[in-house]
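# Overview (structure and organization)
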Amino acid sequence: MSKNPRSRILVVGAGSMGVVTGFHLSLAGADVTFLIRPHRAEALERPQILYCYDDNSLKEYKGYTYITNPSEIVNAKYDYIVITLDGASLRNETGLRLVKAIGEANTKVILGSIFFDLRTWFLQVSGLADEQVTNGHLDIHVYAPKDVTLPLNAPADSDLIAKADFAYTDKLEQGFTVDDSSPAVANGFAEIYNASQISKCAVQPALEYAVGINPLFPVFAACELLNWPKFEDIGKKGELWGLVIASVKEIQDLSIHGELGQQAAKETTEAGLAATLAAWEKHMLPLDLQAFNQFHHGKKLQSQGREHLQACLSYGDAEGKPMPALRELLRRVQEHQSVAE
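Attention here is on the structure that accompanies the text.

Conventions we followed
Residues numbered from 1 in each chain as written. Predicted model: local features only at pLDDT ≥ 70, side-chain atom pairs only at ≥ 80, totals over all residues. Heavy atoms only, no water. Helix = DSSP H or I, 4+ residues; strand = E, 2+ residues; numbered from the N terminus. Rg over C-alpha atoms; globule rule 2.2 N^0.38 Å. Buried < 20%, exposed > 50% of the residue type's maximum accessible area, 1.4 Å probe, protein only. Contact = heavy atoms within 4.5 Å. Areas by Shrake-Rupley, 256 points an atom, 1.4 Å probe, with all protein chains shown as cover. Lys, Arg positive; Asp, Glu negative; His and termini not counted. Charge placed at Lys NZ, Arg CZ, Asp CG, Glu CD. Expected span 1.5 Å × (residues − 1). 1 Å grid on protein atoms, 1.4 Å probe; cavity = no way out; pocket = protein on both sides within 12 Å on 5 of 7 lines; lining within 4 Å. Points joined across faces, edges and corners; volume = space filled by probe spheres on them. Pairing = 2+ DSSP bridges. Axes fitted to C-alpha atoms, helices over the stretch in contact; angles between N-to-C directions.

## A word on the overall build of the chain
When helices and strands are tallied, the chain shows 16 helices and twelve strands. The C-alpha radius of gyration computed for the chain amounts to 20 Å, which stays within 12% of the reference 20 Å derived for 341 residues, consistent with globular compactness. Within the span of the chain, comprising 341 residues, buried residues form 52% of the whole. Pairs at least 24 apart in sequence give 74% of the contacts found in the chain among residues at least 6 apart. Working note: accessible area of the chain is about 15,500 Å², and carbon and sulfur atoms make up 51% of it. Counting 31 positive and 42 negative side-chain charges, the chain places the averaged centre of each group 3 Å from the other.

## Side note on helix 1 (residues 16–27)
Compared with an ideal rise of 1.5 Å per residue, which puts twelve residues at 16 Å, helix 1 spans 17 Å between its outermost C-alpha atoms and is within 8% of the ideal. Of all twelve residues that make up helix 1, ten are buried, and the element is covered over most of its length. Turning to helix 1, its buried residues are Ser16, Met17, Gly18, Val19, Val20, Thr21, Gly22, Phe23, His24 and Leu25. After helix 1 finishes, the residue glycine 29 shows a positive phi value of roughly 95°.

## Quick notes on the layout of surface pockets
Roughly 340 Å³ of volume is contained in the second largest pocket. If you trace the second largest pocket, you find 20 residues lining it, with Asp117, Asn135, Asp179, Tyr209 and Ala210 closest to the centre. For the lining of the second largest pocket, the element with the highest residue contribution is helix 8 (residues 206–213), accounting for five residues.

## Quick notes on the environment of alanine 30
As for its position among the elements, alanine 30 is in the loop between helix 1 and strand 2 (31–35). Overall, the relative accessible area of 2% leaves alanine 30 in the buried class. Spatially, the C-alpha atoms of alanine 30 and isoleucine 9 are 6.8 Å apart, while their sequence positions differ by 21 residues. Non-local contacts of alanine 30, meaning those with residues more than four positions away in its chain, are made with Arg6, Ser7, Ile9, Leu25 and Ile192.

## Overview of the sheet that holds strand 11 (residues 176–179)
The eight strands are arranged 5-2-1-6-7-8-11-12 in an open sheet whose pairing can be described as mixed. Across the chains shown, the open sheet's two edge strands, defined by having one partner strand only, are strand 5 (65–67) and strand 12 (201–204). In this sheet, neighbouring strand axes are inclined to one another by 25° on average, regardless of whether the strands run parallel or antiparallel. Pairing analysis gives three bridges linking strand 2 to strand 5, with the strands arranged parallel. Bridge assignment links threonine 33 to a residue of strand 5, and that residue is threonine 65.

So far we have only geometry, and geometry alone does not tell us how the molecule works.
Given below as structure tokens:
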């Protein structure tokens, strides 16, 4: 009896999310190819060295292939395409051409780019059918040590981290999450990912997925205004924290989030959200969560965060909801940015 063929998966992007996603898919037995920009080819010619906070060790990732021309994906017959670009990059001119090429490939897609209601836009531009695309994101926290030096907490090893291309921790219940916008795509991908028995991919109801992600952006905006304080102290920030909670509730209450969002808006409190964030921060040790967030959300994905909040306001305007708290928070963030520049 012949073995089942290895799943062929294209990962779009070989940054932090892309490489660590590819690594775990390879551990699960998938045949992984990266679509990269030409300047990244030299780095991928050698094995990628990964530092894992969870067992304080280095891991070597090799055995992947890569391509540099999006046109090569059209007839390649990949089982899945996993997009790991940020939402802003996916929607620029180059990203638009890529999305159209993915549409021509006519396969199953994990949309790993985070942006408000991005899947609706992606389906329109790509021309793919609703049942071919589902949302997803990497829950593993990962960064490139060459780009940022995070504070060190025991037992993390600075010498090992310095040798790594990427450093990561898989401390949450799942390492990857997909929503069930397309149940067949979500369940099929989760089955492949989970075959590694090392990291777990969870399938989450689409509304629950959106309600969990979208309200985080006001939190990161406030952290920027406050110079990224520890989450254990964020509930002590008085008027600004109250503004954040009001903004979170306004986003949760948007009709795109349905009754689940309305219920979440009723249940969200200043003390409750502060406690949840503080518990997240403690659980992620020895990774310094707020130093990671400052780099990841405050620098690397800063523009995406601004655009995400603006998109929420636009949806509110369309629904006749003034969203005064979110509007004021975004005004302060934009003012803060202009002063910093």
